[in-house]
Amino acid sequence: MKYVTVHGHFYQPPRENPWLEAIEPQDSARPYHDWNERILAECYAPNTASRILDGEDRIVAIVNNYSRISFDFGPTLLSWIERQAPAVYSAILDADKESQLRFSGHGSALAQVYNHVIMPLARKRDKEIQVVWGIRDFEHRFHRRPEGMWLAETAADLETLDVLAAHGIRFTILAPSQAKRTRRLGNDSWDDVTGGGIDTTLPYMQRLPSGRTIVVFFYDGAVSKAIAFEGLLHRGESLTDRLLAIARDDGKPRLAHVATDGESYGHHHPHGDMALAFALDTIDRNSDARLTNYGEFLERFPPEHEVEIVENTSWSCAHGIERWRSDCGCRTGGSPSWSQAWRAPLRAALDWLRDTTAARLEEKLAEYVKDPFASVLDYIDLILDRDPANVDKHLGGLTEPQKETVLKLLELERQLQLAYTSCGWFFNDLAGIETIQILRYAGRAVQLGEDVLGQPIEAKFLQKLDLAVSNRAGAGTGRDVYLRNVRPAMITWEMLCAHYCISALFQPNGEIDRVYSFDVERVESQSVRSGAMRLMLGRVRLTSRITRSSERLSFAVLHLGDHTVTAGIELDRFPGLPTDLVGPFRSADTTALLRALDQRFGGHIYNLRSLFGDEQRKIVDFLLQTSLEDAEAAHRSIYERHWGTVRFLADLGVPLPPALSVAAEVALNARLRNALSDWRNGAEKIGSLVREAAEEGIRLDEPALAWTARSSLDALAEAYFAAPEDRAKLSALRERVRLVRSLPFEVDLWKVQNLYFQCLTRGGPGFHEFLDLGNDLSIRLGKTSENDHADRRPNG
């Protein structure tokens, strides 16, 4: 009669540039592109294929943790995973299908309010939007109605719960401290359970002002805290024991359940996914307990008790929901002397922006659609599918200019919603990246509002932001943060065209049909070369995939053969190409050409600094390639010329002089990187380079070398497992795996092990070398015994 559920709340704040709909590089996440990508590698992906090990650190099983836990994913995060990691996305959806088979037809995925808004602080209208968008996003992805919904920070009030119930949500999950009193159904007397005294092993019915009801599960606070903050994920046995100890054995059906940020399982705690996998597997085999999810448990054991919650409370603020509107003392990081007094004026500024635009927005929408608020709710269908045919289906009967106006109004609503994402208040300072992000959403809302509503907004908004003051020296007020971080991010047509034409200059065929969320139609173009110099002239039409707004522009972009790239951009006011620049170009008079370019385009001149982050780095890398190769060759020449001296000093144990040390480090790392990038290079060559570096005391660039080795190995593994009967590729893969495992740094075998395990479960080829590869990959072959299971370990 004991049941166990682990709930993971998987969420990251949206990080996209609201003008580009893409995440730009985040250097703090290196070697990954951004923090989403890093956490994907550390948590979201590993939980789709988590290892269970035996006592000899061999892999007994690779399991999808999502199929055996309860989980919710933020819609904005899941949309990013869908684009950037489709295999992980598919594995998450498959886990929900598998959980339905495992748990009596009840899927383990829960919906989430759309963009992590603190619901008690939202107006009723915005609560409706958050819930409807969250449900519709869930239905689009999981192809079923959600039974439960996760509230951001578990922040709740009765109105929020009523909105959930009105839209068919059966249950939600709250912290034990959010319960006020309970009683058995039918009883008159209540039991006070304030301060976390509620019995968390039972479901409870909450009566709502409308007469509706909703079920609330209160997770076990002590064990959840131990998972998140006290190292309980260091050993799978410890996690298992704590989960099983939550519910007492009294012959009654009880649910032992915990809830934490899903990022605990791998990101906050490395290999936490393995501890989770071990615990779930152990409990699954335990005759005294049974894994379940909330939907299945609720169907079997409806509530026999009711509860009254403490309104305006959450799981991460001891003061209720003050963390998102006042200086309550709850924060993460920063100096102890810092104040969070900026929170209240920030929220007040956003409330003013919302109130100024939202009512006018619906009035304007009413000029084009019968039910403005229904159109707002339906906008989620366009957010999920921006295909022009889908847009036309939803906005049928409108002219193209009318569609553009309606789309701008609806997008204004989306940006207003995103500006209330909870992370903007959660941390320690106004000038933090999370708060800057929500100010960028507000900035996009300001821009759209001024455009489509025809009223000045920004000046008054900046006055409101002036009242919020940063703790950081020199950061200033909210106005300063906005002007420094939001204004420069606002994209103009000229900036988009500059990005397009400079990027096109470095494409093999000069063709680019998309700049982030904008389609590109090249009207006409001409390219002229003179030695290493190149001039490209053109006219293009750029069209937003979000709002369908469009503009034609003319450009001329000049590359002088080094890192000097100059582009002139203007709105397309003339009928032809700016061919008057060809003459100065052919004469090779660079000064005259740059002067003519400046005059022709009225000073609207752009360069590599004008490019958006990813393309800027790609082109800079391209332009620097020759310089880097020359520098590398020079270091290699120095090292080779003085190799005898280097060896002599190494034999004596004398440290190398800096000039020789740097040359040796650059040369040997470059050689090793090149050798590892090609799987045809054997152990002898690579081993020789590793030994040479060790003997000479040369520091290896381990992260870069491990990345190169992994990429080469993954490519070889993909080629082999596409045709597993190919003995030659199998032999090459085995040799490469053994080589990688002999290196003096760790190379991640995650993907190769996954591919092998998948092939093994399908039967695999019937020759002995395939089984040898399994041994090379530390995979336990053959059916495991009960003793083997007893001796499994949670972490590698």
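The structure we're discussing is the one just above.
Residues numbered from 1 in each chain as written. Predicted model: local features only at pLDDT ≥ 70, side-chain atom pairs only at ≥ 80, totals over all residues. Heavy atoms only, no water.

Chemist: Break down helix H4 (residues 124–142) for me, citing the residues and quoting the values.
Modeler: Think of an α-helix as turning once every 3.6 residues; residues three or four places apart then point the same way. Taking 1.5 Å as the rise per residue, H4 with 19 residues should run 27 Å; its terminal C-alpha atoms sit 27 Å apart, in good agreement. Counting buried positions over the 19 residues of H4 gives 15, a clear majority of the element. Backbone geometry just after H4 places His143 at a positive phi near 55°. (Helix = DSSP H or I, 4+ residues; strand = E, 2+ residues; numbered from the N terminus. Expected span 1.5 Å × (residues − 1). Buried < 20%, exposed > 50% of the residue type's maximum accessible area, 1.4 Å probe, protein only.)

Chemist: For the environment of His106, give the residues involved together with the corresponding values.
Modeler: Note on placement: His106 falls in the loop between helix H3 (86–102) and strand E5 (109–112). Separated by 649 residues in the primary sequence, His106 and Leu755 place their C-alpha atoms 29 Å from one another. The residues touching His106, leaving out its near neighbours within four places in the chain, are Ser99, Gln100, Glu147, Arg170, Asn293, Gly295, Glu296 and Glu299. In terms of polar contacts, His106 uses its side chain to reach the side chain of Glu147, at 2.8 Å. (Contact = heavy atoms within 4.5 Å. Polar contact = N/O pair within 3.5 Å; in protein donor to acceptor, adjacent residues only side chain to side chain.)

Chemist: Help me get a handle on the packing of helix H16 (residues 458–465) against helix H17 (residues 478–485), residues and values and all.
Modeler: Look at H16 against H17: their axes get within 7 Å of each other, and the N-to-C directions meet at 130°. The orientation of H16 with respect to H17, classified from their angle, is oblique. Listed contacts from H17 to Glu458, Phe461, Leu462, Gln463 and Leu465 of H16 are Gly478, Arg479, Tyr482 and Leu483. Of the residues belonging to the contact of H16 with H17, the class tally is five nonpolar, two polar and two charged. (Axes fitted to C-alpha atoms, helices over the stretch in contact; angles between N-to-C directions. Parallel < 35°, antiparallel > 145°, perpendicular 65-115°, else oblique. Nonpolar A, V, L, I, M, F, W, Y, C, P; charged D, E, K, R; others polar.)

Chemist: Describe unusual backbone geometry, listing the residues and the values that go with them.
Modeler: For His116, which is not a glycine, the phi torsion comes out positive at approximately 60°. One can find His116 in the loop between E5 and H4. Despite not being glycine, Asn312 has its phi angle at roughly 55°, a positive value. Judged by its relative accessible area of 34%, Asn312 is partly exposed.

Chemist: Hey, could you go over the sheet that holds strand E17 (residues 533–544) for me, with residue numbers and the actual values?
Modeler: Taking strand neighbours across the sheet as the criterion, the six strands line up as E15-E16-E17-E18-E19-E20 in an open arrangement whose pairing is antiparallel. Edge strands, defined here as strands with exactly one partner in the open sheet, are strand E15 (514–515) and strand E20 (605–606). Note: E15 against strand E16 (residues 518–530), two bridges, orientation antiparallel. Each residue of the ladder has a partner; that of Val515, found in E16, is Phe518. On top of the sheet, helix H18 (residues 493–505) reaches E15, E16, E17, strand E18 (550–559), strand E19 (565–571) and E20; it is set at about 45° to E18, its chief contact. Together, E17, E18, E19 and E20 form the strand contacts of helix H20 (residues 590–600), whose direction differs from that of E19 by roughly 25°. (Pairing = 2+ DSSP bridges.)

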